[in-house]
Amino acid sequence: MASRPGILTDWPWKPLGSFKHLILAPWVIHSTYSFMIQDEKDLSTFLAFPLLLWRMLHNQLWISLSRYRTAKGNNRIVDKAIEFDQVDRESNWDDQILFNGILFYVGIKTIPGASHLPLWRLDGVIITALIHMGPVEFLYYWLHRLLHHHYLYSRYHSHHHSSIVTEPITSVIHPFAEHISYFMLFAIPLITTIMTGTASVASLAGYITYIDVMNNMGHCNFELVPKWLFTIFPPLKYLMYTPSFHSLHHTQFRTNYSLFMPIYDYIYGTMDTSSDTLYEDSLKRPEEAPDVVHLTHLTTPDSIYHSRLGLAYLASNPQKSKWYLSLLWPVTLWTMMLTWIYGRAFVAERNRFHKLRLQTWIIPKYNIQYNLRRHRASINTLIEEAVLKAEEKGVKVLSLGLLNQGEELNRYGELYVQRYPRLKTKVVDGSSLAVAAVLNSIPEGTTQVLHIGNLSKVAYAVVLNLCRRGIQVAVPYEDDYKKLKKSFGIRSDQNNLILSKNYSIKTWLVGDGLKGENQKKATEGTLFIPFSQFPPQKLREDCFYHSIPAMAAPASLENVDSCENWLPRRVMSAWRVAGIVHALEGWNEHECGYTMSDIDKVWQASIQHGFKPLVITTQSTF
């Protein structure tokens, strides 16, 4: 929002919320019906809706590309962080497409010659290009300078400039009134060609796509325009801007006002003197070498949309199933094929914590593949390649997230340490901090807990530590009870482990394998505390569900603009936090396999570095 919002700041359909897209339904239905039924087919009108869909897909591709490249670091322009407030502010980027769509349909119906357009006319394409290079670029330059006058800037344009570090879609984040002025400006070539009878589908769709390309490119936070272009054709520097050129406008505010052609900044003396230097420095910038890598993987087929490289508004909130994603199954299938073809871990996120550079790498495999025995060898190979890549880059610590540390897969990561005994990168499975997080989630004064779920390294350690602390652990299944008791050896505190199906216990420790029928046996007000990396399905409204082992990140952790899977904002899994703390403390040993670090030491170190335990209230009335 602008610092002093003026009139026509909000979009008219803001009260409709997520139903705003329905405003286009009557136009789309009518144009489709007319094309299918009428004898005289109007292809140009029918293609209006596919053009809107193309614009949305096109913009999303730019967002994903930009986020991927800025996470890697090569050619990055500005190092400052993007946080959730910017993501929220830019989440309505599709409003301008809806606005344009309405005006397109209105224009088709009201402007003579706007319908039944041919697919191609060369004269219309040339006229569109010339009008853009002349009147449009000139008028935009002075409109832009006018918007930087303190009166209009505070009421309108400051909303756009709230994003110092830009993403492609920052280009269309303006108040409604600004978009009206922009549409009037960009409509000049369109109306001219229509009125002169030279318009075509190619000239209209091509011009709109050109605007989207240049807008998105100019707001990328990485430089992608190669220097050889300007070497081959030197005048191009006056006719095409670069991402670094426009980035200076967002950091300096009073320079580089041009739309896409810097010529007017040269003419009127508003060219930033550091434009060429920043451009060349950005092109030379190498890929960033991280200090800590968290290695995770995709979960469900639609988890790609929830990842940071997917849909930003989904990634910025805890992952939940969305019904409308099922409508995107062709795209989902395409992304699954793409990840299969790519076949190696890729960078999805970068953060900075004090002097540490952090990255998240994703293995392009899904939960279902991790659970199939025939995929284990290929998955292990991908993880091993990621470990060796981290070693090559000089990574200090690599933490294994989700199923990458499975016992059946690679013995909690021990496999790689055994294969490469001289490995300098420390492999951390984070089990000790996960155990500490579970132990510190148990309400004070608890004397008895019920343990249910698949046994794991964390499960064994949690039960052992609870028994040592004098808390009785009830296990309902005899096989699990025997395995746990055997792991204790000859110890006096094993008497606190009992075989019991007392489902009335108010605190449950639950892991993978918890069934719906188990939850039904719980009494009202039961607290479920997960000890696995995956949260249980919340089937009971009269019970409480704690988060998986996780901690809230300190404010000094920078560039947090997405959620880690199903966790809330600025909350990180204990397994991921463990890798960061391991590097901060400079611990020179691996934490993987069946060994575990000192639980209290790891917990206290995490607290000292600003990570905070999660608190859940269990006081409520049903």
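Calculation criteria
- One numbering rule holds for all chains: residues counted from 1, following each sequence as written.
- Predicted model: local features are reported for residues with pLDDT of at least 70 only, side-chain atom pairs are reported and counted for 80 or more only, and whole-chain, interface and lining totals are derived from all residues.
- To obtain the side-chain values, all non-hydrogen atoms of the structure were included, while hydrogens and water were left out.
- In DSSP terms, a helix is any run of H or I states spanning at least four residues, a strand is any run of E spanning at least two, and both are numbered starting from the N terminus.
- The buried label goes to any residue with under 20% of its type's maximum accessible area, the exposed label to any with over 50%, and the partly exposed label to all in between, with areas taken from a 1.4 Å probe on protein chains only.
- Throughout, a residue-residue contact means that at least one pair of heavy atoms, one from each residue, lies within 4.5 Å.
- Exposure was quantified through the Shrake-Rupley algorithm and a 1.4 Å probe, taking into account, for residues, occlusion by the shown protein chains and nothing else.
- Here the positive residues are Lys and Arg and the negative ones are Asp and Glu; neither His nor the chain ends is included.
- Think of each charge as sitting on NZ of Lys, CZ of Arg, CG of Asp or CD of Glu.
- Residue count minus one, scaled by 1.5 Å, sets the expected span of a helix.
- At any given residue, the bend is defined as the angle formed between two axes, one fitted to the seven residues that end at that position and one fitted to the seven that begin there.
- Two strands make a pair as long as DSSP finds a minimum of two bridges between them.
- UniProt positions are given in the numbering used here, feature names are shortened, and annotations may be inferred rather than shown by experiment.
- Pairing of aromatic side chains requires ring centres within 6.5 Å, counting the rings of Phe and Tyr and the six-membered ring of Trp. Pairs whose planes differ by under 30 degrees are stacked, by over 60 edge-to-face, and all others tilted.
- By convention a nonpolar core is built from buried Ala, Val, Leu, Ile, Met, Phe, Trp, Tyr and Cys residues, the set being connected through side-chain atoms within 4.5 Å.
- Lines fitted to the C-alpha atoms define the axes, with helices restricted to the stretch that makes contact. Angles between their N-to-C directions range from 0 to 180 degrees.
- Geometric relationships in this document are graded by angle, where less than 35 degrees denotes roughly parallel, more than 145 denotes roughly antiparallel, 65 to 115 denotes roughly perpendicular, and other angles denote oblique.
- A clockwise turn of the near helix away from the far one marks a right-handed crossing, whereas an anticlockwise turn of less than a right angle marks a left-handed crossing.
- In the scheme used here, Gly and all other residues not listed as nonpolar or charged are polar, with Ala, Val, Leu, Ile, Met, Phe, Trp, Tyr, Cys and Pro taken as nonpolar and Asp, Glu, Lys and Arg as charged.
- Between Lys or Arg on one side and Asp or Glu on the other, a salt bridge is scored when a side-chain nitrogen of the former is within 4 Å of a carboxyl oxygen of the latter.

## Observations concerning the overall build of the protein
A count of helical and extended segments in the protein gives 27 helices and 15 strands. Taking the principal axes of the C-alpha coordinates as reference, the protein spans close to 95 × 55 × 50 Å. Counting every position in the protein, which comprises 622 residues, the buried fraction comes to 55%. Long-range pairs, those at least 24 residues apart, make up 73% of the contacts in the protein between residues at least 6 apart in sequence. Total accessible area on the protein stands at roughly 28400 Å², and carbon and sulfur atoms take up 60% of it. If the 60 positive side-chain charges of the protein are averaged to one point and the 53 negative ones to another, these points end up 3 Å apart.

## What to know about helix α6 (residues 122–147)
Across its 26 residues, α6 extends 35 Å between first and last C-alpha, which sits within 8% of the 38 Å expected from 1.5 Å per residue. Maximal helix bending in α6 amounts to about 40°, located at His-132; proline Pro-135 follows within four positions. Looking at α6, one finds that the buried residues are Gly-124, Thr-128, Ile-131, His-132, Val-136, Glu-137, Tyr-140, Tyr-141, His-144 and Leu-147. Along its buried surface, α6 packs onto α7 (150–155), α8 (176–195), α9 (201–218), α12 (243–252) and α13 (263–267).

## Let's talk about the sheet that holds strand β11 (residues 544–545)
Ordered by their spatial adjacency, six strands build an open sheet running β8-β7-β6-β9-β10-β11, and the pairing between neighbours is parallel. What marks the edges here is a single partner per strand, and that holds for β8 (497–499) and β11. Of the pairings in the sheet, the one linking strand β6 (residues 448–452) to strand β9 (residues 507–510) comprises three bridges and is parallel in character. Looking at β9, one finds that Ile-452 is bridged to Val-510.

## With respect to the side chain of Ser-573
Secondary-structure assignment places Ser-573 in strand β14 (residues 571–573). Residue class for Ser-573 comes out buried when judged on its relative accessible area of 3%. When residues no more than four places from it in sequence are discounted, the contact partners of Ser-573 are His-294, Pro-549, Ala-550, Glu-564 and Leu-567.

## Considering the environment of Leu-146
For Leu-146, the position within the fold is in helix α6. Sequence separation between Leu-146 and Thr-300 is 154 residues; the distance between their C-alpha atoms is 49 Å.

## Thoughts on the UniProt feature "domain: Fatty acid hydroxylase" (unreviewed entry) in the protein
Following the UniProt record, the feature "domain: Fatty acid hydroxylase" (unreviewed entry) maps to residues 133–270 here. Between the first and last C-alpha atoms of residues 133–270 the distance is 19 Å; the span itself is 61% helix and 0% strand.

## Points about the packing of aromatic side chains
One pair of aromatic rings is described through two measures. These are the centre distance and the angle between the planes. In total, this model carries 28 aromatic pairs according to the counting rule given. Ring geometry for Phe-104 against Phe-183: centres 6.2 Å apart, planes inclined by 45°, an arrangement best described as tilted. Of this pair, Phe-104 sits in helix α5 (residues 95–110) while Phe-183 sits in helix α8; the two residues are 79 residues apart in sequence, bridging distant segments of the chain. Note on Tyr-342 and Phe-346: the rings are 6.2 Å apart at their centroids and 80° apart in plane angle, and the pair reads as edge-to-face. With a relative accessible area of 11%, Phe-346 lands in the buried category. Taken together, Trp-11, Trp-13, Phe-99, Phe-104, Phe-176 and Phe-183 form an aromatic cluster joined through their ring pairs.

## Observations regarding the pairing of strand β1 (residues 292–297)
Along β1, six of the six residues are buried, which leaves the element largely enclosed by surrounding structure. On β1, burial covers both faces: Val-292, His-294 and Thr-296 on one face and Val-293, Leu-295 and His-297 on the other are all buried. Of the pairings in the sheet, the one linking β1 to strand β3 (residues 356–363) comprises six bridges and is parallel in character. Bridged to Val-292 within β3 is Leu-358. Of the pairings in the sheet, the one linking β1 to strand β4 (residues 397–400) comprises four bridges and is parallel in character.

## Quick word on the nonpolar core
One finds Leu-433, Leu-466, Leu-497, Leu-509 and Phe-611 to be the most contacted residues of the largest nonpolar core, which totals 55 residues. Elements supplying a minimum of two residues to this core: β3, α22 (431–439), α23 (457–468), β7 (472–475), α24 (478–488), β10 (527–530), α26 (574–585) and α27 (599–608). Once residues lying within four places of it in the same chain are set aside, the contact partners of Leu-433 are Met-551, Ala-574, Val-577, Ala-578, Val-602, Trp-603 and Ser-606. Counting residues in hydrophobic clusters, the runner-up holds 31 residues, among them Tyr-140, Tyr-207, Ile-211 and Leu-259.

## Thoughts on the packing of helix α3 (residues 48–72) against α5
Contact pair α3 / α5: the axes reach a minimum separation of 10 Å and the direction vectors enclose 160°. Compared by their axis directions, α3 and α5 come out roughly antiparallel. The hand of the α3/α5 crossing is right-handed. Of the residues in α5, those in contact with Ala-48, Phe-49, Leu-52, Arg-55, Met-56 and Asn-59 of α3 are Gln-96, Ile-97, Asn-100, Gly-101, Phe-104, Tyr-105 and Ile-108. Residues belonging to the contact of α3 with α5 are distributed by class as follows: eight nonpolar, four polar and one charged.

## Notes on the pattern of salt bridges
Any two side chains of opposite charge can pair, so long as their charged atoms come close to each other. The full count for this structure, using the stated rule, is 25 salt bridges. Residues Lys-14 and Asp-10 are paired through a salt bridge, measuring 3.7 Å at the closest nitrogen-oxygen approach. A residue is classified by how much of its surface remains accessible, and Lys-14, at 52% relative accessible area, is exposed. Owing to a relative accessible area of 39%, Asp-10 belongs among the partly exposed residues under this scheme.

## What about the environment of Met-36?
Along the chain, the position of Met-36 falls in helix α1 (residues 25–37). Along the chain, Met-36 and Phe-46 lie 10 residues apart, while their C-alpha atoms are 9.4 Å from each other. In contact with Met-36, other than residues within four places in its own chain, are Lys-41 and Phe-46.

## Focus: the sheet that holds β14
Overall, antiparallel pairing links the three strands, which are arranged β14-β12-β15 in an open sheet. Of all strands in the sheet, those with a lone pairing partner are β14 and β15 (612–613), marking the two edges. The sheet contact formed by strand β12 (residues 550–552) and β14 spans three bridges and is antiparallel. If you follow Met-551 over to β14, its bridge partner there is Met-572.

## Topic: the environment of Tyr-460
Note on placement: Tyr-460 falls in helix α23. Between the C-alpha atom of Tyr-460 and that of Tyr-545, which follows or precedes it by 85 residues, the distance is 21 Å. Not counting residues within four places of it along the chain, the set of residues in contact with Tyr-460 comprises Leu-455, Lys-483, Leu-484 and Ser-487.

## Considerations on the pairing of strand β2 (residues 346–353)
Of all eight residues in β2, seven are buried; the element is thus mostly enclosed. Direction of pairing for β2 relative to β3: antiparallel, over a ladder of seven bridges. Each bridged residue has a counterpart across the sheet, and for Arg-352 the counterpart in β3 is Arg-357. Between the end of β2 and the start of β3, which pair antiparallel, lie two residues, with His-354 showing a positive phi angle near 55°. Summarising the sheet, β2 and strand β13 (residues 557–558) pair through two bridges and their orientation is antiparallel. If you follow Phe-353 over to β13, its bridge partner there is Leu-557.

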